[in-house]
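A look at the structure
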Amino acid sequence: MIFRKTIFTGLIALALLACVSVSQAQQSQGPGAKPATVMPDVVQVPAAAQPSEHFDADAATNAYLAEIPASARSRSDAYFEGGYWLILWDFLYGAALYLFLLHFGWSAAMRNVAERVTRFKPLQTLIYWSEFLIVTTILGAPVGLYEGYFRERQYGLATQTFLPWLGDQLIMLLVNLVLGGIVAVVLFGVVRRLPRTWWIWGAGVSIVFLVFFVMIAPVFIFPLLNKYAVLEDPRITQPILSLARANGIPAQKVYQVDASRQTTRMSANVSGYGQTMRITLNDNLLRRGSPEEIQSIMGHEMGHYVLHHIARDLLYFSVVIVIFFALLRWSLARALVYWGERWQMRGIGDTAVLPLVFLLGSLFGFLYTPFFNTHIRTNEHEADMYGLNASRQPDGFAQAAIHLGEYRKMNPGPVEESIFFDHPSGRNRIHDAMRWKAENLQLFIPKPNR
Ligand SMILES: [Zn+2]
């Protein structure tokens, strides 16, 4: 399901994820010897990053970077750079798949099946949606398996064997069947009733769904795959809740999630909206993060919360959705003139156009990728700055950036970072932390006894 990165499904996925994750990194496989390709767990504050009168942020940054084993860095570079190509292959594979469904009459045939089953239009849409989802999932399986399962295992990021992984995919397929089905029924209903202004109303309906999904996801969707529990250990919760109170965040609880069920990555996130908004740490972070690191990450998450990133993103993506629907109306009308008859599409209200909608959506999503990444990365940078100020843990944050470097290239070029990075690179994060430390050295130099 990963390959279908159209902007529309991308936005739905964003809603489903509904989280602003900070720090994901790989965990060493069990106790004992650590493979050389894994980042060091407890980074010693290097000599050049110790507080002193000649503290220099650049030198401190380089000293931190020098702690990363060359093998770990080359593996992370390979994993991350491979992802650049996957953006292209995902797009091309998806486009070929949708064209296949259109050109060989599969889409029209699926529509005809739905029409034979019932005369009731909304039910026809639901049946078509189910056929479409199952067919694209099966035809997209080679890409989904490689990206979601084999590649993650190859790089040591996955913890699941095949059957549990497949079980998770089936659960998400069912969620997509139900929630996507509801969206499809409503959107096609709008298009059929309002053939001239459907794009405005369609955008409005999509925005309402997006807000709804973001709200319900932490309570009704995420728990389908993972166990969420209130974190009880006061040694961990006390500093976090204290940090929350100091920053005016009315949190009574911190949640934990058993992410180690699927992955070795560390992460934490803020999810939900309104009553469902919450901060969650995953168990990999709890097990492997140092207290300073956990505090720096919590500071970052609180930054997302205090800066209203979820509400702001909803507003931002509402504008993107309206632009997308305007482009969709324009391009669908033209495509129907050229290919409508050949692909047996009767008009925009005909469910058989859906592969064309996904084709245009994936093109939009592909071209939009750098802008999407830059938007998210800008938020992440804001949260980084907030987190440093709130937690006052620049060395903890440098450790977190190094953990992240296990799967995100540490030291990209500036153009590369602006196109492909949805979080600041490890190098820039360490540099931000060391610059903060340079300006706050008095916090770290022991005061002489009076
Ligand atoms: Zn973040």
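Every value quoted in this text rests on a predicted model; they were computed, and no experiment measured them.

A few points about the overall build of the chain
- Within the chain, the secondary structure is distributed over 16 helices and five strands.
- Here the C-alpha atoms of the chain give a radius of gyration of 24 Å, agreeing with the 22 Å that 2.2 N^0.38 yields for 450 residues.
- Along the first, second and third principal axes, the C-alpha set of the chain runs to 85 × 45 × 40 Å.
- Burial status across the chain gives 54% buried among its 450 residues.
- Sequence-distant contacts, at least 24 apart, represent 79% of the contacts inside the chain between residues at least 6 apart.
- Taken as a whole, the chain presents about 20,800 Å² of accessible surface, with 65% of it coming from carbon and sulfur.
- Distance from the positive charge centre (38 side chains) to the negative charge centre (33 side chains) of the chain: 9 Å.

Examining unusual backbone geometry
- One non-glycine residue, His-308, lies in the positive phi region at around 55 degrees.
- On the accessibility criterion, His-308 (53% relative accessible area) is exposed.
- Even without being glycine, Gln-344 reaches a positive phi, approximately 55 degrees.

Remarks on the pattern of salt bridges
- Under the counting rule described, the total for this entry stands at 13 salt bridges.
- The salt bridge partner of Glu-115 is Arg-346, with a shortest N-O separation of 2.7 Å. Here Glu-115, found in helix H4 (residues 106–117), pairs with Arg-346, found in the loop between helix H12 (309–339) and helix H13 (354–391); they are 231 residues apart in sequence, far enough to count as distant.
- Residue Arg-346 is classed as exposed on the basis of its relative accessible area, which comes to 56%.
- For Arg-235, the salt bridge goes to Asp-233, with nearest N and O atoms at 3.0 Å.
- A relative accessible area of 22% places Asp-233 in the partly exposed class.
- Here the salt bridges do not stand alone but share partners, grouping Glu-81, Lys-409 and Glu-416 into one network.

Focus: the pairing of strand E4 (residues 268–271)
- Burial along E4 is two-sided: Ala-268 and Val-270 facing one way and Asn-269 and Ser-271 facing the other are all buried.
- Examined bridge by bridge, E4 and strand E5 (residues 278–282) share four bridges and lie antiparallel to one another. Following the sheet pairing, Ala-268 is matched in E5 by Leu-281.
- Linking two consecutive strands that pair antiparallel, namely E4 and E5, is a turn of six residues; a positive phi of about 80 degrees is found at Gly-272 within it.

Topic: the packing of helix H2 (residues 57–65) against helix H16 (residues 426–439)
- Packing of H2 against H16 leaves a shortest axis separation of 9 Å and a crossing angle of 135 degrees. Our classification of the angle between H2 and H16 gives oblique. Both H2 and H16 take part in a crossing whose hand is right-handed. On the side of H2, the interface is formed by Ala-57, Asp-58, Ala-60, Thr-61, Asn-62, Tyr-64 and Leu-65, while H16 contributes Arg-427, Ile-430, His-431, Met-434 and Arg-435.
- Taken together, the residues of the contact of H2 with H16 break down into six nonpolar, three polar and three charged.

Remarks on the pairing of E5
- Most of E5 sits out of view: five of its five residues are buried.
- Burial along E5 is two-sided: the face carrying Arg-278, Thr-280 and Asn-282 and the face carrying Ile-279 and Leu-281 are both buried.
- Both strand E3 (residues 255–257) and E5 contribute to a ladder of three bridges, which runs parallel. Each residue of the ladder has a partner; that of Tyr-255, found in E5, is Thr-280.

Some points on the coordination of the zinc ion
- The protein atoms that coordinate the zinc ion are His-300 (NE2), His-304 (NE2) and Glu-380 (OE), at distances spanning 1.9 to 2.1 Å.
- Read from N- to C-terminus, the donor residues coordinating the zinc ion fall into the pattern H-x3-H-x75-E. Highlighted residues: His-300 and His-304, both in helix H11 (residues 291–306), separated by four residues, approximately one helical turn. One exposure class covers both His-300 and His-304, and it is buried.

Some points on H16
- The first and last C-alpha atoms of H16 sit 20 Å apart over 14 residues, in line with the 20 Å expected at 1.5 Å per residue.
- Burial in H16 covers these residues: Gly-426, Arg-429, Ile-430, Asp-432, Ala-433, Met-434, Trp-436 and Lys-437.
- Here the buried face of H16 lies against H2, H11, H13 and helix H14 (394–404).

So, how was this worked out
- Residues numbered from 1 in each chain as written.
- Predicted model: local features only at pLDDT ≥ 70, side-chain atom pairs only at ≥ 80, totals over all residues.
- Heavy atoms only, no water.
- Helix = DSSP H or I, 4+ residues; strand = E, 2+ residues; numbered from the N terminus.
- Rg over C-alpha atoms; globule rule 2.2 N^0.38 Å.
- Buried < 20%, exposed > 50% of the residue type's maximum accessible area, 1.4 Å probe, protein only.
- Contact = heavy atoms within 4.5 Å.
- Areas by Shrake-Rupley, 256 points an atom, 1.4 Å probe, with all protein chains shown as cover.
- Lys, Arg positive; Asp, Glu negative; His and termini not counted.
- Charge placed at Lys NZ, Arg CZ, Asp CG, Glu CD.
- Salt bridge = Lys/Arg side-chain N within 4 Å of Asp/Glu carboxyl O.
- Pairing = 2+ DSSP bridges.
- Axes fitted to C-alpha atoms, helices over the stretch in contact; angles between N-to-C directions.
- Parallel < 35°, antiparallel > 145°, perpendicular 65-115°, else oblique.
- Left-handed = near helix turned anticlockwise from the far one by under 90°.
- Nonpolar A, V, L, I, M, F, W, Y, C, P; charged D, E, K, R; others polar.
- Donors = N, O, S within 2.8 Å, 3.2 Å for Na, K, Ca; no water.
- Expected span 1.5 Å × (residues − 1).

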